[in-house]
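Residue-level structure breakdown
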Amino acid sequence: MADIFEVINNRRSIREYKDEQIKDEEIEKILNAAIMAPTARGEAPWHFTVIQDKDVLNHINDYVHNLLKDSGDELLEAIAESGRNIMHNAPTVIVVSVKSDATNMQADCSAAIENMLLAAEGLNIGSCWLGLIAAFFKFEDNIKKLHIPDGYTPLYGVSLGYKAGKIPEKPKRSNDVVTWIK
């Protein structure tokens, strides 16, 4: 079993993946970690949609690029112009949705996603929390295409795959972020 502190310190946002699909057993372990996350009032208000169909992933990417290129936001338009895949060409993307009436939907889903990212690192699988994918979820037809259950709102995505390329260096973090009151 991996040391949790080592996993936390080694985890990076991976944006380059091998083409090889990760194993179902690995995805199940990652999903179990998500499901075990703490939630407000014990609601466990999430739903996870695992996408491995390349045509669906390409459609999402192209659709979001079309939205970004006319967004009026200089950074988002630059991303669209770059042609960079918003899911980093990952072979697996998990969409994280939440019950629309959940008490603390952002925190609950964030805890689940962090567990997924850490579980992936513990299995030596690359991962990245995807925010740009949310543009795809703004349209009801897109949500239906992903078979998101009624009463759920998709929030984020997580890309997963075997790591390729150079692993990003450890990020610089300030030590001046803690105040002790004893």
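An account of the accompanying structure is given in this report. By convention here, each chain's residues receive numbers from 1 onward along its written sequence. In view of the model being predicted, local features appear only for residues whose pLDDT reaches at least 70, and side-chain atom pairs are presented and counted only at 80 or more, with totals across whole chains, interfaces and linings using the full set of residues. Heavy atoms from the whole structure form the basis of all side-chain values; hydrogens and water molecules are not counted.

The next subject is the sheet that holds strand β1 (residues 46-51). Following DSSP output, two strands are said to pair if at least two bridges run between them. In DSSP terms, a helix is any run of H or I states spanning at least four residues, a strand is any run of E spanning at least two, and both are numbered starting from the N terminus. Ordered in space as β1-β2-β4-β3, the four strands form an open sheet in which the pairing is antiparallel. Lying at the two open borders of the sheet, with one neighbouring strand each, are β1 and β3 (125-130). Across the sheet, the axes of successive neighbouring strands diverge by a mean angle of 25 degrees, strand direction being ignored. In terms of strand pairing, strand β2 (residues 92-99) meets strand β4 (residues 152-162) through eight bridges, oriented antiparallel. In the strand pairing of β4, valine 98 is matched with threonine 153. We call two residues contacting when some pair of their heavy atoms lies within 4.5 Å. Note on definitions: angles span 0 to 180 degrees between N-to-C directions of axes, and those axes are lines fitted to C-alpha atoms, for helices only across the stretch in contact. Along the sheet, helix α2 (residues 24-35) makes contact with β1, β2, β3 and β4, crossing β1 at roughly 160 degrees.

Throughout this description, buried means an accessible area under 20% of the type-specific maximum (1.4 Å probe, protein chains only), exposed means over 50%, and partly exposed covers the range between. Across the eight residues of β2, seven count as buried, placing the element largely inside the fold. Looking at chain direction, β1 and β2 are connected through six bridges and run antiparallel. Bridge pairing in β2 places threonine 49 opposite valine 95.

At 3.6 residues per turn, the α-helix brings residues three or four places apart onto the same side. To estimate the expected span of a helix, count its residues, drop one, and scale the result by 1.5 Å. Spanning 12 residues, α2 covers 16 Å between terminal C-alpha atoms, matching the ideal 16 Å at 1.5 Å per step. Residues of α2 that are buried in the fold lie against β1, β2, α5 (105-122), β3 and β4.

Right, let's talk about the pattern of salt bridges for a bit. Whenever a carboxyl oxygen of Asp or Glu lies within 4 Å of a side-chain nitrogen of Lys or Arg, that contact is scored as a salt bridge. Tallying each qualifying case throughout the model produces one salt bridge. A salt bridge links glutamate 121 to lysine 163, with the shortest nitrogen-to-oxygen separation between them at 2.9 Å. Here the residue glutamate 121 occupies a position in helix α5, and lysine 163 occupies one in the segment after β4, the gap between them amounting to 42 residues. Residue class for glutamate 121 comes out buried when judged on its relative accessible area of 12%.

Let us now look at the environment of alanine 134. If you trace the backbone, alanine 134 turns up in the loop between β3 and α6 (140-145). Among the residues examined, alanine 134 registers a relative accessible area of 25% and is labelled partly exposed.

Below, the discussion takes up the packing of α2 against α5. Interhelical geometry of α2 versus α5 gives an angle of 145 degrees and a closest axis separation of 7 Å. Relative to α5, α2 is oriented so that their crossing is right-handed. Contact with α2, carried on its side by Ile30, Ala33 and Ala34, involves Ala112, Asn115, Met116, Ala119 and Ala120 of α5 and no other residues of that element. The residue makeup of the contact of α2 with α5, split by class, is seven nonpolar, one polar and no charged. Crossing handedness is defined as follows: a turn of the near helix away from the far one that is anticlockwise and smaller than a right angle gives a left-handed crossing, while the clockwise case is right-handed. Gly falls in the polar group here, along with every residue not listed as nonpolar (Ala, Val, Leu, Ile, Met, Phe, Trp, Tyr, Cys, Pro) or charged (Asp, Glu, Lys, Arg).

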